[in-house]
Amino acid sequence: METEPTQTPEDAKRAVQQLVDDSASALGGNWTVEEGPRLGTCTDERGNGEGVNYTILSSRAERGDIETDVSTLTTLWKRAGLETEPFTNGDGSYSGLNGRGSGIANISFNSSDLGGGDTIRATSECAAGDYVELREQERGQR
């Protein structure tokens, strides 16, 4: 049985944005927000679920030292109450770290030596709120 979201949309947005900012700052380099915080819905294609979430994508063109970066983020994310899991493909050209917990549905740090640089993408856990109403509020603020 699913539980109803209890955090506010403002708290969800703030939490995901803060974690991405803290992560980029801890890694150093020139990070650019590519997307977000983008409002999303927690309803799946079958109409299950409720509430809203926020997603942010940040990137840097240069690739950092993957071992140092994963270690840095593991420490930061665990201190923030997240569970972490490092990953890599067979030849090490694509590696990173996944995390979740403490108001974050998922966060990932991806590093690629295939010309992609590094990215951090995070999505908040669902928050109580109506997607249509919040979207209209956002559009009215522009």
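Reading guide: rules and limits
Residues numbered from 1 in each chain as written. Predicted model: local features only at pLDDT ≥ 70, side-chain atom pairs only at ≥ 80, totals over all residues. Heavy atoms only, no water. pLDDT = per-residue confidence, 0-100. Helix = DSSP H or I, 4+ residues; strand = E, 2+ residues; numbered from the N terminus. Disulfide = S-S within 2.5 Å. Buried < 20%, exposed > 50% of the residue type's maximum accessible area, 1.4 Å probe, protein only. Axes fitted to C-alpha atoms, helices over the stretch in contact; angles between N-to-C directions. Parallel < 35°, antiparallel > 145°, perpendicular 65-115°, else oblique. Left-handed = near helix turned anticlockwise from the far one by under 90°. Contact = heavy atoms within 4.5 Å. Nonpolar A, V, L, I, M, F, W, Y, C, P; charged D, E, K, R; others polar.

1. Concerning the confidence of the model for the protein chain
Summary statistics for the protein chain give a mean pLDDT of 91 and a share of 97% for residues scoring 70 or more. Highest mean pLDDT in the protein chain belongs to helix 2 (residues 66-79) (97); lowest belongs to helix 3 (residues 131-140) (88).

2. Concerning the state of the cysteines
According to the stated counting rule, one finds one disulfide in the structure shown. What pairs with Cys42 in a disulfide is Cys126, and their sulfur atoms sit 2.1 Å apart. Taking the torsion about the S-S bond as the criterion, the Cys42 to Cys126 disulfide, at about -115°, is left-handed. On the criterion of sequence distance, the pair formed by Cys42 in the loop between strand 1 (32-41) and strand 2 (52-60) and Cys126 in the loop between strand 6 (117-124) and helix 3 is long-range, its members being 84 residues apart. Relative accessible area serves as the criterion here: at 32%, Cys126 is assigned to the partly exposed category.

3. Comments concerning the packing of helix 1 (residues 9-27) against helix 2
Two elements in contact, helix 1 and helix 2, have axes whose closest approach is 10 Å; the angle formed by their N-to-C orientations is 140°. Taken together, the axes of helix 1 and helix 2 are oblique relative to one another. Handedness of the crossing formed by helix 1 with helix 2: right-handed. When helix 1 is examined against helix 2, the residues Leu19, Asp22, Ser23, Ala26 and Leu27 are found in contact with a partner set consisting of Asp69, Thr72, Leu73, Leu76 and Trp77. Within the contact of helix 1 with helix 2, the residues separate by chemical class into six nonpolar, two polar and two charged.

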